[in-house]
Amino acid sequence: MICNADEGDPGAYMNRNEMESDPHMVIEGMIIGAYAIGANEGYIYIRAEYPLAIERLDRAISDARAYGLLGNNILGTDFSFDIHIARGAGAFVCGEETALIASMEGNTGRPRKRPPFPSQKGLWGKPTNINNVETWCNVASIIKNGADWFTRIGTEKSKGTKVFSLVGKVKRTGLVEVPLGTPVKTIVYDIGGGATDNKKVKAVQTGGPSGGCIPDSLFDTQVDYEHLADAGSIMGSGGIVVMDEDTCMVDTAKYFLEFAVEESCGKCTPCREGTYQMHRILEKITEGKGTNEDIVLLEKLANIIKLTALCRLGQTAPNPVLTTLRYFKDEYLAHVEDKRCPARVCRSLINYYIDPAACRGCTICSRNCPVEAIDGKPGYIHIIDQNKCIKCGTCMEVCNFSAIVKLSGESIDTPFAPIPINKGR
Amino acid sequence: MSVTEVFNKYEPKKENLLLILHDIQDSIGSRSIDETTLKKVAEYLDMSLSQVYGVVSFYTMYSTKPRGKYIIRICQSPTCHLMGSKSLLEHLKETLKIDVNETTSDKMFTLETSSCLGVCSEAPAMMINDTVYGNLTEEKVNSVLEKLRSNHENN
Amino acid sequence: MSTVCIKIDGKNFTVEKGSTILNACKSAGINIPTLCYLKDVSEEGVCGVCVVEVKGAKTLQRSCITEVKDGMEIFTNTPTVREARKMNLELALAHHNIECPTCERDGNCELQDIADRVNVKTVHFADVPSFYEKDVYSPVIRDPSKCIFCERCISVCDNIQSVSALAISQRGIRTYIGAPFTHLLTDTPCVNCGQCIMNCPTGALTERDDTNKVWDALSDPDKYVVVSTAPSIRASVGEIFGLPAGTFVRGKVATALKMMGFKKVFDTNFSADLTILEETHELIERIKKEENLPIMTSCCPAWIKFLEEYYPEFIQNVSSAKSPQGMMGAIVKSYFSQQISISPDKIFHVSIMPCTAKKSEAERRETWLRDFPDVDAVITTREFGRMIKQGGIDFVNLPDSEYDNPLGNYSGAGTIFGVTGGVMEAALRTAYDLFTGKELKNIEFKPLRNFEGIRVADVEIDGLNVRIAVANTLGKARELLEAIKSGKERIHFMEVMACPGGCIGEGGQLIPTNSDIISKRAQALYSDDERSKVRKSYQNPQINELYKNFLEKPGSEIAHKLLHTHYIKRHLWEKIGKSDF
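Just so it is clear, the model here is predicted, and its values are computed rather than measured.

Student: Go over the overall build of chain A, please, and point to the residues and values.
Tutor: Along its length, chain A carries 17 helices and 13 strands. For chain A, the computed accessible surface area is about 17600 Å², with 49% contributed by carbon and sulfur atoms. On chain A, the mean spot of the 47 positive side-chain charges and the mean spot of the 52 negative ones are 4 Å from each other.

Next up, the structure:
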């Protein structure tokens, strides 16, 4: 029996919290589970990035042994069960169950074909039950309060509660446990308090690199397995990343694909080569070099990877692209056709200008510019040399008069050379 | 722990490979595993060097190149990404004058990235050896590095 | 046989339960293209080319590894299937160094073939550069820019040969299949068997091409160029020119070689007979003294290197007799050189072998008589085929000619050296007679004539029970050695050939070489044996003449000096680096 604690989904950390704050809960669930299915050996496969969780689990396991709750003849019965800790070593794909088993056996974490499923042939070829941390944490309270209690919560098909990690551009970040079926907007606005800095929330990304982006127009969507799938996303381990109007959805898709490229195990062609090519196309688009054909190819490729990658990880890797293409096609088109990044994120498509009407000639921008791209002197309107500018944004950060503007696809009139401030007005 | 002590701790079973590699790496000054050591591991576990090398090169937390005393892993999760981890990474590269997966010439710092450190509510974050630092700004990064440097000098 | 009912493209079929979709479709007359799949070697389903639609499945199914189920509805030719196959192949091609006209595998490349079958005309994706360099310093050349990550080479090297020279390292787009670290293949336990080449679907693994060395020698007026050909060449090289597998072409080979300008065409079968005499002498001595048993054959250089690396404790068990190639080299540069009064350094001796490991055997300095090699160049069956093509020789229509004296005749025992079990059978024919002084009548050892990985048998020689064992593939050799080590087996005489089926399945043969082709080549050699008037090595008149005129008798001092060698305990993963060749 294995507890999958390889919580690799970026943006999700509920498992770490559960293991650090109440490791006994995980162990209790596993003991009950082992008793139910007659397992004698249990493993917790935990990612090595969680040293504190490992330390606390280790201690909790020792304590449980000391209390006679683990080991031979638990509580004087003929039931014996013990738990060992296996550590990962930095590979997202090891969250996939066949890769996780391979890793536990001392191999590289490369998934294999299923069937056989782990329940038929798992660790060392033996039938293996794998569940994640949160599942094991639920066991004790369900046994204690009864199945009816648990199934009363949630929707018809998705029962119980789920812990989400609400993060990103939202006022109140943290872990939230809500009944399944709670609408996105309740989580984002009522619990999270909406976006920071009075910005508008644009979308949420659920399910990590395998999930998708849900636009604010669909925030009535109930967060449960079926409805998230209908929206093109997944529940995954329960990460909810809030994005505001300053987030470029093409850039977001590119980020997730970069992640997929980094974490692909490299075994099957669709995932190894396909995610790399998707990333290349997205790079092209964010650099303003994309064409409409690129968008068509991107979508086709995404669908083929979804259909032919060997494991679930590869099959879901295109989801961030497919959902952004579905809900934010206009942003892709703006990058490709107008060479414009509406959120003003993609560096190749933005320019910084100094608004002549707002510049006070204080020289702070030109003094801080790392590449000496700003021309000016005290009392003169400053000008950014667009050929020299590396678009680092330093000038915008240091300007005390909000005179720096960041534009994409448009420009403002600026003088050719610095001129005295009163003349410019 | 010496390599022999690590071997004494674990039975010669292939399933112990990852744990053995972790322990060796953590107890060696270079915080990495060189070829000679890998050969010993392969021999101990009755595996081929090819297989063992495959494993070491697959997982990001192992290295066959010597690394610094402090391994900085900057989180690249979408949350940290949204909260500006990319510019922090640039800042670290500039300050340490190294690229990702490189080590400073004084063997103090190695710069690496992590897909997610699981501290998303305190994004952006980094981990230095086993300690996590959250809600980072450039100033905070500077002071952490400064502190580690002076700790090192005082020791 | 239990069966299941399935539908393929709307038609009903009854197929064997447990068969794959691929095989079910094949029996229904539909050939699904496959790229990475190779039965018993690569069954991981990595390439995504053989996909089909299955009703009710959310994703496309890999036909090579998915079993049929009762009631399954399969669609093999839908727009989605065609698109997926094309796209996955395009992805592979984008990461493949497309230089077909100059690639060794041009015209005999699985990737090329599948691209044609799937109708890929354009690669829509950007080129992915190769992240790794070509390794050209061993007889096996690895070009990572042509690797498509099918993992067949890894599987063969690990599972069949148990050599594990290659690693799958790194991950994702930077995945690398090759020697670990930044090592060269020469730094690994690679035994140069070439089985990785035989199983590679592209030109990512090839042999070192030594044909130019041979052409250069042939056009050098100061060189007297002679050639000898291995037993199995006569049964396989015809396939390059479209002749059926197992066509016996010895006469055409001799004609072609003479047309190329070789002064003498010798037969390695002759030196195989010589090997038998020296080895049998050793066998009888050891059995009498009961020392260093089992005696192990020394003909296969891949096996020798394997033993030196993995089982150095058995080094004293290996017969000190050189391989037939080694003996031919020594005789050419001593006896023959004296006969024609040309100094051995002026003689250029080419050896045509089915084997990539023979290239490295020729480089072993401890086998040389002087400070230059006895065998100056070794070319494989494939390279020989290329030379014939390059020379514009119409091989199929060539008349036959004879091999040259004094090293061109052989017994039937010499010719079966090319098949697994052949060396053993050849040795027993001579050993029986010499040991007992009687004539062995039933000379065909049928229990040895099959392709099982390990065959063990008891032979009675004059009341003495001799237990013999034959292994083909190094994985099986390892199994046998472990059995001997643990005391489970007590063997007197043991033959090992590193490649499946022996030399007829070796790493320098035609691609593809499969079990079917191997048995046809074997049959050709057995028939050659049957046709031979002399079928025992010690009865080969040229051999007897050689002993009479030059070598005195088997095991003599001069025979030892010329025809025997020694072996070296090697450390695994010893750094050798770039060789001089």
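Still to come is the rest of the account.
Student: Residues and numbers for the sheet that holds strand S6 (residues 174-179) of chain A, please.
Tutor: All names here are of chain A. The mixed open sheet is built from five strands, whose spatial order is S6-S5-S9-S7-S8. Edge positions in the sheet fall to S6 and strand S8 (212-215), since each has one partner strand and no second. Within the sheet, the average angular offset between the axes of one strand and its neighbour, ignoring direction, is 30°. Summarising the sheet, strand S5 (residues 161-168) and strand S9 (residues 239-244) pair through four bridges and their orientation is parallel. Residue pairing for S9: leucine 166 is matched across the bridge by isoleucine 240.

Student: Can you tell me about helix H13 (residues 381-390) of chain C, naming the residues and giving the values?
Tutor: An α-helix turns once every 3.6 residues. As a result, residues three or four positions apart point the same way. Residue and element names in this part refer to chain C. Counted residue by residue, H13 has seven buried out of 10 residues, so it is predominantly covered. Buried residues of H13: Thr381, Arg382, Glu383, Phe384, Gly385, Met387 and Ile388, and no others. Residue glycine 392 follows H13 closely and has a positive phi angle near 70°.

Student: Talk me through the interface of chain B and chain A; I want residue IDs and the actual numbers.
Tutor: Taken residue by residue, the interface counts 34 residues in chain B and 47 residues in chain A. Carbon and sulfur atoms make up 60% of the surface buried where chain B meets chain A, a total of about 3000 Å² over both sides. Taken together, the connections running from chain B to chain A amount to zero salt bridges. Summed over the shared surface of chain B and chain A, the result is 12 residue pairs in polar contact (both at pLDDT 80 or more). Listing elements by their share of the side of chain B that touches chain A, those giving two or more residues are helix H2 (17-27), helix H4 (49-58) and helix H5 (78-82) of chain B. When the residues that make up the side of chain B that touches chain A are grouped by side-chain class, the tally is 17 nonpolar, 11 polar and six charged.

Student: Got a sec to walk through the packing of aromatic side chains? Specific residues and values, please.
Tutor: Inspection of every chain in the model, using the stated rule, returns 21 aromatic pairs over all chains. With 4.3 Å between their ring centres and 35° between their planes, B:Tyr53 and C:Phe181 make a pair best called tilted. Residue B:Tyr53 is found in helix H4, and its partner C:Phe181 is found in the loop between strand S8 (176-178) and helix H5 (195-199); the two belong to separate chains. Each residue in the set C:Phe306, C:Tyr310, C:Tyr311 and C:Phe314 is aromatic and connected to the rest through ring pairs, giving one cluster. A cation over a ring is seen here: C:Arg250 above C:Tyr403, with NZ or CZ 3.9 Å from the ring centre.

Parameters and conventions
- Residues numbered from 1 in each chain as written.
- Chains lettered and ligands numbered in written order.
- Predicted model: local features only at pLDDT ≥ 70, side-chain atom pairs only at ≥ 80, totals over all residues.
- Heavy atoms only, no water.
- Helix = DSSP H or I, 4+ residues; strand = E, 2+ residues; numbered from the N terminus.
- Areas by Shrake-Rupley, 256 points an atom, 1.4 Å probe, with all protein chains shown as cover.
- Lys, Arg positive; Asp, Glu negative; His and termini not counted.
- Charge placed at Lys NZ, Arg CZ, Asp CG, Glu CD.
- Pairing = 2+ DSSP bridges.
- Axes fitted to C-alpha atoms, helices over the stretch in contact; angles between N-to-C directions.
- Buried < 20%, exposed > 50% of the residue type's maximum accessible area, 1.4 Å probe, protein only.
- Contact = heavy atoms within 4.5 Å.
- Buried area = accessible area lost by both parts, 1.4 Å probe.
- Salt bridge = Lys/Arg side-chain N within 4 Å of Asp/Glu carboxyl O.
- Polar contact = N/O pair within 3.5 Å; in protein donor to acceptor, adjacent residues only side chain to side chain.
- Nonpolar A, V, L, I, M, F, W, Y, C, P; charged D, E, K, R; others polar.
- Phe/Tyr/Trp six-rings, centres within 6.5 Å; stacked < 30°, edge-to-face > 60°.
- Lys NZ or Arg CZ within 6 Å of the ring centre and 35° of its normal.

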